[in-house]
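Chains, contacts and geometry: an overview
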Amino acid sequence: KSGGEDGGCTFRYEHFLQHSGAFYASPAVMDDPDLKNKVQSFMNVNSRTYLEGQGVEGLAWERGEADFRDLAQAKAGEDPELCSDPRCALVLDAFGGSLSFPIRLNDGQGRQHEHVVGVLVLYTLSFEGLNNTSPGCVSASSRDFARYVQDSLSLAVQLHYAQMEWEKTMASIIVQQPFPKQVSPRSASASSADAQENLSPSPFFVTFFKKMRGQKASPPKPNSAEFCFVTFVGCFLSLLALSGADDALRRHIFNNEEMLLLIGSFGALATLLFAAPVAPLAQPRIVVGGHIISAAVGIIVDYLTNDKFVAIIPQWVANALAPALAITLMAATGLTHPPAGACSLMYISGNARIKSLGWLFIVVPIITGSLMMLGVALLVNNLSKHRKYPLFW
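A brief structural summary. Per-chain numbering applies: the sequence of each chain, read as written, is numbered from 1 onward. With pLDDT at 70 or above as the cut-off, local features in this predicted model cover only qualifying residues; side-chain atom pairs require 80 or more to be listed or tallied, and sums for whole chains, interfaces and linings still use all residues. To obtain the side-chain values, all non-hydrogen atoms of the structure were used and water was disregarded.

**Comments concerning the overall build of the protein chain**
Heads up, the rule is: Strands here are runs of E lasting at least two residues and helices are runs of H or I lasting at least four, both read from the DSSP assignment and numbered beginning at the N terminus. A 1.4 Å probe rolled over the protein chains alone gives each residue an accessible area, and that area as a share of the maximum for its type sets the label: buried under 20%, exposed over 50%, partly exposed in between. Contact between two residues is taken to exist if any of their heavy atoms lie within 4.5 Å; hydrogens are not considered.
When helices and strands are tallied, the protein chain shows 16 helices and 7 strands. Evaluated residue by residue, the protein chain yields a buried proportion of 36% over its 393 residues. For the protein chain, restricting intrachain contacts to residue pairs at least 6 apart in sequence, the fraction spanning at least 24 positions comes to 69%.

Here it is as structure tokens:
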């Protein structure tokens, strides 16, 4: 936060979170020697930085609202986003749940211009204290508490900045003394060094190449045998259903003509649905919406490159343009789905059989295949006691 040209404030938002070093532990935790050692080891890992979507802090930043996490699921390998966090790995044995509050501020232009400037994380000994009688469901009282705390945090930070502005304004209107206050040489030199540092340009290329060294995140750990077995069963059954339906339609209805119910993007979709079922990108709304957007963009771009229509874009340009537009639209609508990015490329670069489907390509194979795989995902994932799918519709 810095002063603006008109005497106001200018906010600059960084692209990562870093632990401030401030924490509080209840006496009940610190009185237990075993828990105390685990908490101290956890707090010693303070140099860790988090990008949006990484760790407990980054996931709350990404959501923009209070985030409840069952750490028992992460310990069982059901939450890959948390299993790759070294700080989270230190508390999985000590705590059972977490509640994260993103602190949001705006630049005075309305709520739609709010930005997350910090995250407060509360760890609990048991996640059951946050939920109700239904496992995995957060109670209404806990949600009310979360909304109250999140609003209070934002207000407290805004009041802090307002107090700083008030003190700065009052200092500027106080009549200066006729004799300036004597400044020690040490203080003067320190102020001069600070001013020089603030005026010097940031080393862009140094920062640019430092990012390539990595963010000190730990790679995901291997999953349990049970997790891998459920993943195999889900992938096999979902793709088997698509392959069987494709074969039956081809042999009995379409006289052995090539069918397109089984396309390459569904292999990537199976990876998300059964190897990362808690990932936001694997939820039903994202799966169906992303595929529809991508397929529609591929069909529209084909009108501009196909000789049957208006061929004003070369084919080699359209092969890059269609998926680029599709991915951009998915990001703009909040429906980013990596496997769906392949649909527009499959259509725009496909053979005459694929392009002969036209807008029917959205119905078969896109919507039909997506819904079939989602149906298998609902059955297989929820048969496991360690899985809950979906997170949202």
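**Structural notes on the environment of K36**
Assignment of secondary structure puts K36 in helix 2 (residues 33-44). Separated by 11 residues in the primary sequence, K36 and A25 place their C-alpha atoms 8.9 Å from one another. K36 has contacts with V29 and M30, leaving out every residue within four places of it along the chain.

**What about the packing of aromatic side chains?**
Centre distance and the angle of the planes are the two values used to describe a pair of aromatic rings. Heads up, the rule is: For Phe, Tyr and Trp, rings pair up if their centres lie within 6.5 Å, where Trp contributes its six-membered ring, and each pair is then called stacked (planes under 30 degrees apart), edge-to-face (over 60) or tilted (otherwise). In our convention, an over-ring charge means Lys NZ or Arg CZ found within 6 Å of a ring centre and within 35 degrees of that ring's normal.
Applying the stated criterion across every chain, the model contains 6 aromatic pairs. Ring centres of F232 and F236 lie 5.9 Å apart, and the angle between their planes is 10°; on these two criteria the pair is classed as stacked. In this pair, F232 and F236 are both assigned in helix 10 (residues 225-252), 4 residues apart and thus about one turn of the helix distant. Take F236: its relative accessible area is 45%, and that puts it in the partly exposed class. Taking 5.1 Å as the distance between ring centres and 55° as the angle between the ring planes, the aromatic pair formed by Y347 and F361 counts as tilted. Here the residue Y347 occupies a position in helix 14 (residues 341-348), and F361 occupies one in helix 16 (residues 360-383), the gap between them amounting to 14 residues. Accessibility classification places Y347 together with F361 in one group, the buried group. Through successive ring pairs, a cluster of aromatic residues spans F204, F205, F208 and F209. Over the ring of F227 we find R387, and its NZ or CZ is 4.3 Å from the ring centre.

**Comments concerning helix 16**
Stated formally: Any helix carries an expected span of 1.5 Å times its number of residues minus one.
The terminal C-alpha atoms of helix 16 lie 34 Å apart, and with 24 residues this matches the ideal 34 Å at 1.5 Å per residue to within 8%. Buried residues of helix 16: F361, I362, P365, I366, G369, S370, M373, L374, V376, A377, V380 and N381, and no others. On its buried face, helix 16 sits against helix 10, helix 11 (265-275), helix 12 (284-303), helix 14 and helix 15 (352-355).

**Regarding unusual backbone geometry**
Most peptide bonds are trans, and most residues other than glycine sit at a negative phi. At the junction of V364 and P365, the peptide bond is cis and its omega measures out at 20° in the coordinates. Secondary-structure assignment places P365 in helix 16. Here Y389 and P390 are connected by a cis peptide whose omega angle stands at 5°. Examined against the element boundaries, P390 turns out to sit in the segment after helix 16.

**Re a nonpolar patch on the surface**
Cut-off, in case you're wondering: Nonpolar side chains (Val, Leu, Ile, Met, Phe, Trp, Tyr) are joined into patches within 5 Å and like charges within 9 Å, using only residues with over 30% relative accessible area and no salt bridge. We get accessible surface area from the Shrake-Rupley algorithm with a probe of 1.4 Å; when it comes to residues, only the shown protein chains can shield them. The term salt bridge refers to a side-chain nitrogen of Lys or Arg lying within 4 Å of a carboxyl oxygen of Asp or Glu.
A surface patch of nonpolar side chains, amounting to about 650 Å² of accessible area, comprises I300, Y303, L304, F309, V310, I312 and W359. Positionally, W359 belongs in the loop between helix 15 and helix 16.

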